[in-house]
Amino acid sequence: KAGANEACLWCSGMQKTSFVRKATPKAGANEACLWCSGMQKTSFVRKATPKAGANEASAAAARADAAAAAPASSLPAGSKISPHTGQLIVSTGLADLDEIIGGGFSVGTLVVLEEDVYSTFNQYLLRYFVAEGLCCNQRLYIASADGDASSLLKSLPHVSTSQAHLSPSSSSAPEDKDMKIAWQYKKYLGDDAEGLSPSKTPPWCHSFDTNRNIEAAKLDTARLQKQNPNLASLASFSAKLQSVYADANKIINDMNTELSKGGSSPEILKIGIPSLGAPFWGAESDQKAKETAFIQFIHAMKGLLRASTATCLITVPTQFFSPLFVNKLRHYCDYVFSMASFADAKDPVNPAFAEHDGFFVVRKMPRINTLSAQKTEQITYTFKMKRHKLAIESIHLGPEVSRTTANPTSSIRPYSDH
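Below is a short write-up of the structure. (Residues numbered from 1 in each chain as written. Predicted model: local features only at pLDDT ≥ 70, side-chain atom pairs only at ≥ 80, totals over all residues. Heavy atoms only, no water.)

1. Quick notes on the sheet that holds strand S3 (residues 79-81)
Turning to step 1, where the next piece is worked out: The strand order S3-S4-S5 describes an open sheet built from three strands, whose pairing is antiparallel. The sheet is open, and its two borders are formed by S3 and strand S5 (105-106), each paired with just one other strand.
Turning to step 2, where the next piece is worked out: In this structure, S3 lies alongside strand S4 (residues 88-90), joined through three bridges in antiparallel fashion. What sits directly across from Lys80, in S4, is Ile89. (Pairing = 2+ DSSP bridges. Helix = DSSP H or I, 4+ residues; strand = E, 2+ residues; numbered from the N terminus.)

Below, the structure written as structure tokens:
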């Protein structure tokens, strides 16, 4: 006979399949499996143990089921389990970017956005990132070179409440609670029918209006963490980096201490560092010393983030560094994106991209608890400023342009070689 938690392997002949008892048998019941014993009061459920070389779709479906089964109340505010990777993710603040990378940034990762040279489109992504954290009541830490983060907070976009900008799940339009289709299923819902209202589901990614700044009342609710007030007085670049790391380390250690004592629930910390490495961040004795201090800071921050529920977004003006350093920086970071505005192009812009403002390039995706990184549908996208927001779109051509233009990207370089 088999053990208490196993089926009878003699009759089933399945050596690699394990079973879990679904119902506790009565006293004196035979513990063999249902097949050979014929007992009707003992049932077994087979565990889903994937075999070697199994289809990846089954693994993705298992992750999706686990993500759906995870209670939302146990997760930090503004986070969810990714159905693609099974990691805890937070929204980027831009729905188009969330869709491209599979839902949002994984918690505990370091994100680097390579700035464009002659425009400031990269700052929109940083503001979206911070504004989304503010709307989700998450902790914020902004490391500004001048020691004052209020200028960035005041420039955050306004939270849009228009029905045209909200997702269907967040629409507040009144709806009829009575079912119009398949009304006969209403009797099976019972008291749970009230909990199925889509208006109670919070939006995953808020919509923002870049034409207006965020209201002052919203800024008063920001959980902005303190920054070293002496940061602006530090002369060297390495000293400022050490100060930023010390602040982030203290905030994360305090969060972990509060969580270990059981006095609070898990929370998300969003760290934003604009234009790190620009001349106003200070200088070193030579360029090599500055690049070495930069890499040491990135390496230390990545190790700190891995042991926390924080996500860090850094914008870097790569035109101030050598191509060798840029490649090394991409190697150390988890996410790497770059924005190349058409204002930076030396050659004239192809007419096929007349309605767009530049290229958005996905240079690297993270590998967390896996050997292969999640892949995006494309590497190069286009971005443009619409009426109220920044939009990232896939490259596509209209029927007229596709017939008249053989190679629409031949007359412009989407991004630099480094």
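2. Here's the deal with the environment of Arg127
Turning to step 1, where the next piece is worked out: Relative to the assigned elements, Arg127 resides in helix H5 (residues 122-135).
Turning to step 2, where the next piece is worked out: In this structure Arg127 comes out as partly exposed when scored by relative accessible area, which is 24%.
Turning to step 3, where the next piece is worked out: Residues Arg127 and Leu153 lie 26 residues apart in sequence; the distance between their C-alpha atoms is 8.1 Å.
Turning to step 4, where the next piece is worked out: For Arg127, the contacting residues outside a window of four places in its chain are Leu152, Ser155, Leu156 and Pro157. (Buried < 20%, exposed > 50% of the residue type's maximum accessible area, 1.4 Å probe, protein only. Contact = heavy atoms within 4.5 Å.)

3. Section: the packing of helix H10 (residues 287-306) against helix H11 (residues 323-332)
Turning to step 1, where the next piece is worked out: Direction vectors running N to C along H10 and H11 enclose 5°, while the axes themselves pass 10 Å from each other. Looking at the two axes, H10 sits roughly parallel to H11. Counting all contacts with H10, which are made through Glu291, Phe294, Ile295, Ile298, His299 and Lys302, the residues of H11 involved are Phe325, Lys328, Leu329 and Tyr332.
Turning to step 2, where the next piece is worked out: Here the residues of the contact of H10 with H11 sort into six nonpolar, one polar and three charged. (Axes fitted to C-alpha atoms, helices over the stretch in contact; angles between N-to-C directions. Parallel < 35°, antiparallel > 145°, perpendicular 65-115°, else oblique. Nonpolar A, V, L, I, M, F, W, Y, C, P; charged D, E, K, R; others polar.)

4. Things to note about the packing of helix H9 (residues 237-260) against H10
Turning to step 1, where the next piece is worked out: Running from N to C, H9 and H10 point in directions that differ by 5°, and their axes come no closer than 10 Å. It follows from the interaxial angle that H9 and H10 lie roughly parallel. Contacts between H9 and H10 involve Phe237, Ser238, Leu241, Val244, Tyr245, Ala248, Asn249 and Ile252 from the first element and Lys290, Ala293, Phe294, Phe297, Ala300, Met301 and Leu304 from the second.
Turning to step 2, where the next piece is worked out: The residue makeup of the contact of H9 with H10, split by class, is twelve nonpolar, two polar and one charged.

5. A few points about the nonpolar core
Turning to step 1, where the next piece is worked out: In this structure, Phe105, Phe337 and Phe360 are the most contacted members of the largest nonpolar core, which totals 42 residues.
Turning to step 2, where the next piece is worked out: Not counting the four nearest positions on each side in its chain, Phe337 is found in contact with Leu97, Ile101, Phe105, Val111, Val112, Leu113, Glu114, Phe360, Val361 and Val362.
Turning to step 3, where the next piece is worked out: Core analysis: the next-biggest nonpolar cluster, separate from the first, contains 37 residues, Ile251, Ile252, Ile314 and Val316 among them. (Core = buried A, V, L, I, M, F, W, Y, C linked by side-chain atoms within 4.5 Å.)

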